[in-house]
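Each chain, written out:
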Amino acid sequence: NAGVMQNPRHLVRRRGQEARLRCSPMKGHSHVYWYRQLPEEGLKFMVYLQKENIIDESGMPKERFSAEFPKEGPSILRIQQVVRGDSAAYFCASSPLQGQRYEKLFFGSGTQLSVL
Amino acid sequence: DQQVKQNSPSLSVQEGRISILNCDYTNSMFDYFLWYKKYPAEGPTFLISISSIKDKNEDGRFTVFLNKSAKHLSLHIVPSQPGDSAVYFCAATGGGSEKLVFGKGTKLTVNP
């Protein structure tokens, strides 16, 4: 059973370009979470999605950031017009259950986004 | 506003000794606490958790203690092993939230 797969592992973008980060949850998992880790910081919640639904996006910046988890295919975190401050490690996590069963929450290895 | 604080960025211990990692929180709504372990270039992995109705939870070499009145928890690793060298994150949640709030992490180095 493959773990949570994130790609690419490393992504380099120039200021103003778009970044697309992909996350394939573990088989049988229908709940996806995105977290961001800025340098020297802890992970910060961005968004929680179920298939075709955004459940909680309270951690998402108001502009330029969007996320989706379609019925088929991976979850996508999209950052438009990237700026240097977007440089961070972006982690996806998946769970088979809704909430409060964090022992079943599995993280991917992350995508390191570098904005030049 | 940092709701979960890990005030020690790093900790170094000798193999076989006890490692104690500390975590403080400020949000009274938190009722569930977790520790994650993270190796370089990997995602965090769940280590151990504790509910606010308990003050101690033990799993093998790992024990988490919770002091609700002090809003403080600690992770004890006994005996420490070189393979335990990693960054340890304290996380908290509560109030029915789906979010985990993480501390900045403590880098543990266990010397052979």
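The structure this text deals with has already been given above.
The residue numbering used here restarts from 1 in each chain and proceeds along that chain's sequence as written. Chain letters and ligand numbers both follow the written order, the letters beginning at A and the numbers at 1. Note on the predicted model: pLDDT of at least 70 is required for a residue's local features to be given, and 80 or more for side-chain atom pairs to be given and counted; whole-chain, interface and lining totals, by contrast, use all residues. Only hydrogens and water are set aside; all other atoms, that is, all heavy atoms of the structure, feed into the side-chain values.

Caption draft 1: Structural detail: the packing of aromatic side chains. Side-chain rings of Phe, Tyr and Trp (the six-membered ring for Trp) are treated as a pair once their centres are within 6.5 Å; stacked means planes under 30 degrees apart, edge-to-face means over 60, and tilted covers the remaining angles. Considering all chains together, one arrives at 11 aromatic pairs over all chains under this definition. Geometrically, the ring pair formed by Phe 107 of chain A and Phe 102 of chain B is edge-to-face, given 6.4 Å between the ring centres and 80° between the ring planes. Taken as a pair, Phe 107 of chain A in strand E10 (residues 106–107) and Phe 102 of chain B in strand E10 (residues 101–102) lie in two separate chains rather than in one. Remark: exposure states derive from per-residue accessible area (1.4 Å probe, protein chains only) relative to the maximum for the residue type, with buried under 20%, exposed over 50%, and partly exposed in between. Residue Phe 107 of chain A is classed as buried on the basis of its relative accessible area, which comes to 11%. Phe 102 of chain B sits in the buried class, given a relative accessible area of 6%. Here the aromatic cluster, defined as three or more aromatic residues joined through ring pairs, consists of Tyr 35, Phe 45 and Phe 107 of chain A together with Tyr 36, Phe 46, Phe 89 and Phe 102 of chain B. A run of H or I in DSSP becomes a helix once it reaches four residues, and a run of E becomes a strand once it reaches two; helices and strands are each numbered from the N terminus.

Caption draft 2: Quick peek at the interface of chain B and chain A. Whether two residues touch is decided by their heavy atoms; if any such pair falls within 4.5 Å, the residues are in contact. With 20 residues of chain B at the contact, the number on the chain A side is 22 residues. Here's the idea: put two parts together, see how much 1.4 Å probe accessible area each one loses, and the total over both is what we call buried area. Summed over both partners, the interface of chain B with chain A comes to about 1700 Å²; 58% of that surface belongs to carbon and sulfur atoms. Together, Glu 98, Lys 99 and Phe 102 of chain B form the three largest contributors to the area buried by chain B at its contact with chain A, with a combined 35%. Think of a salt bridge as a Lys or Arg side-chain nitrogen and an Asp or Glu carboxyl oxygen that are within 4 Å of each other. Applying the counting criterion to the chain B and chain A interface returns 1 salt bridge. Polar contacts, as used here, are pairs of N or O atoms within 3.5 Å; protein pairs need one atom able to donate a hydrogen and one able to accept it. Residues neighboring in sequence count only if both atoms are side-chain atoms. At the surface where chain B touches chain A, the tally comes to 4 residue pairs in polar contact (both at pLDDT 80 or more). Those elements giving two or more residues to the side of chain B that touches chain A turn out to be strand E4 (30–38), strand E5 (45–51) and strand E9 (86–94) of chain B. Among the elements that take part in the side of chain B that touches chain A, E4 of chain B stands out by supplying 4 residues, more than any other. Taken together, the residues that form the side of chain B that touches chain A break down as 9 nonpolar, 6 polar and 5 charged. In this count, Pro and Cys sit with the nonpolar residues alongside Ala, Val, Leu, Ile, Met, Phe, Trp and Tyr, while Asp, Glu, Lys and Arg are called charged and the others, Gly among them, polar.

Caption draft 3: Just the pairing of strand E8 (residues 72–77) of chain B, in detail. Residue and element names in this part refer to chain B. A large share of E8 lies buried, amounting to 5 of its 6 residues. In this description, strands pair whenever DSSP reports at least two bridges between them. Examined bridge by bridge, strand E3 (residues 19–25) and E8 share 6 bridges and lie antiparallel to one another. Across the sheet, the residue bridging to Ile 20 is His 76, located in E8. Pairing of strand E7 (residues 62–67) with E8, which is carried by 6 bridges, proceeds in the antiparallel orientation. From the neighbouring strand, Val 64 faces E8, where its bridge partner is Leu 75. Hairpin geometry of E7 and E8 is characterised by an intervening segment of 4 residues between the two adjacent antiparallel strands and by a positive phi of about 55° at Lys 71.

Caption draft 4: Focus on the side chain of Thr 93 of chain B. One can find Thr 93 of chain B in strand E9. On the basis of relative accessible area, Thr 93 of chain B is assigned to the buried category, the value being 4%.

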